[in-house]
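# Geometric and topological summary
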Amino acid sequence: MNLIANNLTYKPSDQYHLNEVSFNFKEGNLYTILGRTLSGKTTLLKTIAGLLTPDSGAIEFDGKDFLKVPVWQRNVAMVYQQFINYPHLNVFENIAFPLRQRKIDSEEINNKVMDSLKSVGLVGYENRKIQELSGGQQQRVSLARSLVKNAKILLLDEPLVNLDYKLREQLREEFKSLFSKGLADETILIYSTTDPRETMELNGEVIVLDEGKVLQVGPAKEIFENPNSLKVAEISNDPPMNIIEADISNEQIRFEGIEIKAPSHLSKLTKGGLNIGLRSSDIELSENGHEFEVELAEISGSETLLHLKRGKIKIIISIEEVLNFKIHDKIKIDFKIDRAYAFGADGKLESSPFGGLNG
Amino acid sequence: MNFKHKYFFLFPGLFVLIGILIFPIIFVVRLSLSGWNSYNPGLDYIGLENYIRLFTDDPRFWESFFRLSFLSVTTVILQYVIGFALAHMVWKDIKFKRFFRVLFLVPMMTTPVIMTVIWRTFFHESLGPVNDMLSVFGVAPKWLTDPVIAKFTVIIVEVWQWTPFMFLLLLAGLLSLPKEPFLAAAIDGASPVRKFIYVTFPLMAPISIGAIIIRLIEASKIMDTVYVLTSGGPGTSTETSSFYIFIKGLREFQMGYAASMSFTYLIIMIISLTIIAKVLTKLLLKE
């Protein structure tokens, strides 16, 4: 049973939350909606769930007009970014809640809830009050509640965003294993996130959303290798891809007094006003490279992020080491130019190192 | 902490407390042990004579007490149900929400005695508009002079007057509820009715208990409505404890005896309200 969204538009004020979103969600697949905050991810999920009615467009599921089905009959499950549970019920009853809405005998409810508790690693917490749990545990409870009803459509709206770093890593791992083994074949799983790394790790079909519009659709690898526009390149990389305005002529890339020999996939481009895109990890420190000035150095985990400046150009590079730099230090870097992307002045992808378009 | 001026700061509060609460209670206890009446005004000491009379020789007090229990419990239940329904209605996004919210509060803002006079006119058996309208159906209930119907007339007026208070408390409670559980419940397959039973009502339980207790305390002091509407009549069929105490104390000036009734009444109320609060907590919070 496929879920088909057709030209969904929702514009409550002068800004589009959804702008003609069309998509065919196929059963048994994992979809990741990637977009920055306020890009319309939550709106899309709420529309599918039935908590919002779009201004125009249609949703079809199992051949039926889904918009005409009231929320409580849609058989969807949803996990929100806030940890939403029932404060007046204990853990067991929280998870049993969706089952109690149907006529299911208590022994079966008991079995299902215990199974669900097992799959999220909360066995032994049945009688706890929700308020006594940590954020991560609360989110596990809402995940368990969404799994227990065996819904055909499972929506996860940035489920990890409000957790601390360590819990996020841990839960993400658990999600992956849950999704790979625990889901029935006919389930449609839609997962929204702002985090490109999460998107790549989940490795599903990715929908890149921005200002309510679908920018690109494709497998995670494809989005990563061939972002079809500057915007997708920005959204799908963290830190965002560095964009450098440059000219290419005579097989040379020129910007801010730097001249680099263009690699084969860029050398044929002759248009002026190109934007060269380079991931922060594709720039490295090098003794005989080009000189840049350090504007800011931040250490995140085992990585160092350097914000660099040269003339008008500002870039971010990431180094897999913890290094100490002072502001205004001069350092030398080299570009892995064979991994550079080229975007036209209109923001469209012109050439990619992975063979998109002209490459 | 040893702070030498602390009594200076404690004094105003203590003074007020002693003046308005502790002294009257102690005085009532002392008064109840005296035979103060219009022939013999003064604080003499007659021991427990008043209490013996109350417990062995005054069925009218106990009748009025059970009548009061019936009236106050019935009115509070009705107020709770109607108040909850109204609050739930204007809690949702409906048209003219603000208008209704104010409208439902109007009865509470009127003066009870004056409104009761108006109600008495309403329910007048031959001249009142209620029976005028009911005459279409050929019935003319004796609103104020039938011993059974008169009780319900008192209940109607009380419910009309004080449901807004219940409405206000419950609406405040509803507005303070977290929104998230309702989102979850819809997704989890709860229809609007089940959402009310399984989410709204349990979440409202603590507030409901508070509102019911507050209204029970208020409702058991019912006096002005009865006084104006029926004066306890016909006979003694709408007489409540406070009204009977008023008759004994301030009409017949049996001050000592009225004091013993007041004190007994106070003790019974404290005990019964504590039990009611416990029972409600057990029933509604299920803990």
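Below is a short write-up of the structure. Numbering of residues starts from 1 in each chain and follows the order in which that chain's sequence is written. Note on labels: chains are lettered from A, ligands numbered from 1, in written order. Local features in this predicted model are restricted to residues whose pLDDT is 70 or higher, and side-chain atom pairs enter the listing and the counts only when it is 80 or higher, whereas totals over whole chains, interfaces and linings include all residues.

## Describing unusual backbone geometry
Residue and element names in this part refer to chain A.
- Going from Asp-238 to Pro-239, the amide bond is cis rather than trans, its omega being -5°.
- In this text, helices come from DSSP runs of H or I with a minimum length of four residues, and strands from runs of E with a minimum of two, each type numbered from the N-terminal end. In this structure, Pro-239 sits in the loop between α8 (230-235) and β11 (242-249).
- One non-glycine residue, Glu-256, adopts positive backbone phi at about 45°.
- Its place among the elements puts Glu-256 in the loop between β12 (252-255) and β13 (258-261).

## Structural notes on the sheet that holds β13(A)
Residue and element names in this part refer to chain A.
- Pairing in this open sheet of six strands is antiparallel, and the strands run β13-β12-β11-β14-β19-β20 from one edge to the other. The sheet is open, and its two borders are formed by β13 and β20 (349-351), each paired with just one other strand. Taken over all neighbouring pairs, the strand axes of this sheet differ in orientation by 40° on average, direction set aside.
- A strand pair is defined by DSSP finding two or more bridges across the two strands. Inspection of the sheet shows strand β14 (residues 274-278) paired to strand β19 (residues 341-343) by three bridges, in the antiparallel sense. Paired with Ile-276 across the bridge in β19 is Ala-342. Angles here are taken between N-to-C directions and fall from 0 to 180 degrees, while the axes themselves are lines fitted to C-alpha atoms, restricted in helices to the stretch in contact.

## Thoughts on the packing of helix α1 (residues 6-32) of chain B against helix α13 (residues 255-285) of chain B
Residues and elements named next belong to chain B.
- The contact between α1 and α13 brings their axes to 7 Å, and the two run at 125°. Taken together, the axis directions place α1 and α13 in an arrangement best described as oblique. Taken as a pair, α1 and α13 cross one another with a handedness that is left-handed. Across the interface between the two elements, Val-28, Val-29, Leu-31 and Ser-32 of α1 pack against Met-255, Gly-256, Ala-259, Ser-260, Ser-262 and Phe-263 of α13.
- Polar here means any residue other than Ala, Val, Leu, Ile, Met, Phe, Trp, Tyr, Cys and Pro, which are nonpolar, and Asp, Glu, Lys and Arg, which are charged; Gly is therefore polar. The residue inventory of the contact of α1 with α13, partitioned by class, reads six nonpolar, four polar and no charged. Angles below 35 degrees are treated as roughly parallel, those above 145 as roughly antiparallel, those between 65 and 115 as roughly perpendicular, and all remaining angles as oblique. Whether a crossing is left-handed or right-handed is set by the direction in which the near helix is turned from the far one by less than a right angle, anticlockwise for left-handed and clockwise for right-handed. We call two residues in contact when the distance between their C-beta atoms, placed using the backbone, is within 7 Å.

## Some thoughts on the sheet that holds strand β7 (residues 153-157) of chain A
All names here are of chain A.
- Ordered in space as β6-β7-β8-β3-β9-β10, the six strands form an open sheet in which the pairing is mixed. On the outer flanks of this sheet lie β6 (76-79) and β10 (213-219), each paired with one strand and no other. On average, each strand axis in the sheet is inclined to that of its neighbour by 15°, with strand direction left out of account.
- Most of the contacts of helix α1 (residues 41-49) go to β7, to which it runs at about 155°, and overall it touches β3 (30-34), β6, β7, β8 (188-193) and β9 (205-210).

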